Amino acid sequence: MESDPPKRVSYIHSDTLVAAADALPSNIGRASLTHNLVVALDLLEQDGSSATGDGEGKVRKAKVVKSVPATREELVRFHDAGFSSTGPPTSPASHHALNLALLPGFSSSSLIRLFESCVEPVYNAYEPDAVVLQCGCDGLAGDPCKEWNLDLRGMGEVVRRVVHGWGKRTLLLGGGGYSNENVARCWAYLTAVALGREMDLDTSIPPNLDEYEVFKPSFSLDVPAGNMVDKNTDASMRGVEGAVGDSVAKLKERYSTTKSDN
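None of the values given here were measured: they were computed from a predicted structure.

K.L.:
What exactly am I supposed to notice about the overall build of the chain here?
P.N.:
Along its length, the chain carries seven helices and four strands. Secondary structure elements of the chain occur, N-terminal to C-terminal, as β-α-α-β-α-α-β-α-β-α-α. By residue count, 37% of the 262 residues in the chain fall in the buried class. Taking contacts inside the chain between residues at least 6 apart in sequence as the whole, the part at least 24 apart equals 75%. Accessible surface, the chain: about 15400 Å² in total, of which carbon and sulfur atoms supply 54%.

K.L.:
Is there a simple way to think about the packing of helix 5 (residues 152–166) against helix 6 (residues 180–194) in this case?
P.N.:
Remark: helix 5 packs on helix 6, axes separated minimally by 9 Å, with the N-to-C direction vectors making an angle of 30°. For helix 5 against helix 6, the interelement crossing comes out right-handed. Only Arg-185, Cys-186, Tyr-189, Leu-190, Val-193 and Ala-194 of helix 6 make contact with helix 5, whose side of the interface consists of Leu-152, Met-155, Gly-156, Val-159, Arg-160, Val-163 and His-164. When grouped by side-chain class, the residues that make up the contact of helix 5 with helix 6 number nine nonpolar, two polar and two charged.

K.L.:
What is the right way to read the pattern of salt bridges from this model?
P.N.:
Oppositely charged side chains can form a pair if their charged atoms are brought close together. Applying the stated criterion across every chain yields a total of seven salt bridges. Residue Glu-157 is joined to Arg-161 by a salt bridge in which the shortest nitrogen-to-oxygen separation is 2.7 Å. Of this pair, Glu-157 and Arg-161 are both found in helix 5, four residues apart, which corresponds to roughly one turn of the helix. Here the salt bridges do not stand alone but share partners, grouping Arg-113, Asp-234, Arg-238 and Glu-241 into one network.

K.L.:
Got a minute to help me understand helix 4 (residues 108–126) in this structure?
P.N.:
Since the α-helix packs 3.6 residues into each turn, any two residues three or four apart lie on the same face. Taking 1.5 Å per residue as the helical rise, helix 4 with its 19 residues ought to reach 27 Å, and the 25 Å between its terminal C-alpha atoms agrees with that figure. Remark: the principal bend of helix 4, roughly 40°, maps to Phe-115. Those residues of helix 4 that fall on the buried side of the exposure criterion are Ser-108, Ser-110, Leu-111, Ile-112, Leu-114, Phe-115, Cys-118, Tyr-123 and Ala-125. Glu-127 lies just past helix 4 and shows a positive phi near 50°.

K.L.:
When you look at the packing of aromatic side chains in this model, what are you seeing that I'm missing?
P.N.:
Throughout the structure, instances matching the rule amount to five aromatic pairs. Judged by centre distance (5.1 Å) and plane angle (85°), the rings of Tyr-126 and Tyr-255 are edge-to-face. Of this pair, Tyr-126 sits in helix 4 while Tyr-255 sits in helix 7 (residues 234–261), placing them 129 residues apart in sequence. Aromatic ring contacts, followed pair by pair, group Phe-115, Tyr-123 and Trp-166 into a single cluster.

K.L.:
Is there a simple way to think about the side chain of Ser-107 in this case?
P.N.:
Within the secondary structure layout, Ser-107 lies in the loop between helix 3 (72–78) and helix 4. At a separation of 2.7 Å, a polar atom in the side chain of Ser-107 contacts the side chain of Asp-230. Those residues within four positions of Ser-107 in sequence are excluded, and the remaining contacts are Asn-149, Leu-150 and Asp-230.

Reading guide: rules and limits
- Residues numbered from 1 in each chain as written.
- Predicted model: local features only at pLDDT ≥ 70, side-chain atom pairs only at ≥ 80, totals over all residues.
- Heavy atoms only, no water.
- Helix = DSSP H or I, 4+ residues; strand = E, 2+ residues; numbered from the N terminus.
- Buried < 20%, exposed > 50% of the residue type's maximum accessible area, 1.4 Å probe, protein only.
- Contact = heavy atoms within 4.5 Å.
- Areas by Shrake-Rupley, 256 points an atom, 1.4 Å probe, with all protein chains shown as cover.
- Axes fitted to C-alpha atoms, helices over the stretch in contact; angles between N-to-C directions.
- Left-handed = near helix turned anticlockwise from the far one by under 90°.
- Nonpolar A, V, L, I, M, F, W, Y, C, P; charged D, E, K, R; others polar.
- Salt bridge = Lys/Arg side-chain N within 4 Å of Asp/Glu carboxyl O.
- Expected span 1.5 Å × (residues − 1).
- Bend = angle between axes of the 7 residues up to and from the residue.
- Phe/Tyr/Trp six-rings, centres within 6.5 Å; stacked < 30°, edge-to-face > 60°.
- Polar contact = N/O pair within 3.5 Å; in protein donor to acceptor, adjacent residues only side chain to side chain.

Dropping the structure here:
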């Protein structure tokens, strides 16, 4: 059963950081394009508008907040050995950094399968108080990396399950992605999903957007899958699931012991 929609969704924004991100050679202008599309789709509270919620006649929007730089003490603590994700099997950090080794053509159907068979069991074993979900876009169909074949619907489904299904405090982050217009589409759509305002994938890009022409020829929100063959076979994914299952068993053993001690 899904939890209630989040009572508040915050959208962390900084003009300074956007300008710095826009200057990166690998994705010039990507951050501002994304932000401008999110604004054009009317997903944010703007100009001191009143708080919104789920009541009748109200539309859920994200509240814009400014980012706050971490202090030196916070950075040092974060990089302390206690936060390390590597080490020998006897290390307290072992089995906490799991990598799913995937093959080219990874599709949304394979993504949902492995989310259910690998990610959710880890979540259930660990029972976190909060979740950080990085939403990189270089696996989307059409990305210059040309490795995976994800579509927008599959990525949105994962975000929906994490934000609204798990119901924990969740931080959504960006990541890779080198087709600026598709990254903007994806992150705008995922913002809407997080708000509980899922949009039709055939939603038109607002024509008043300054960068409107970069979204041709479809001028729609959707990023559909391409024709790449998914080389992640049932056998290869069963191998991944088996490896993750071993770590899940270790996590269950560790955290069931911790709970009994408390």
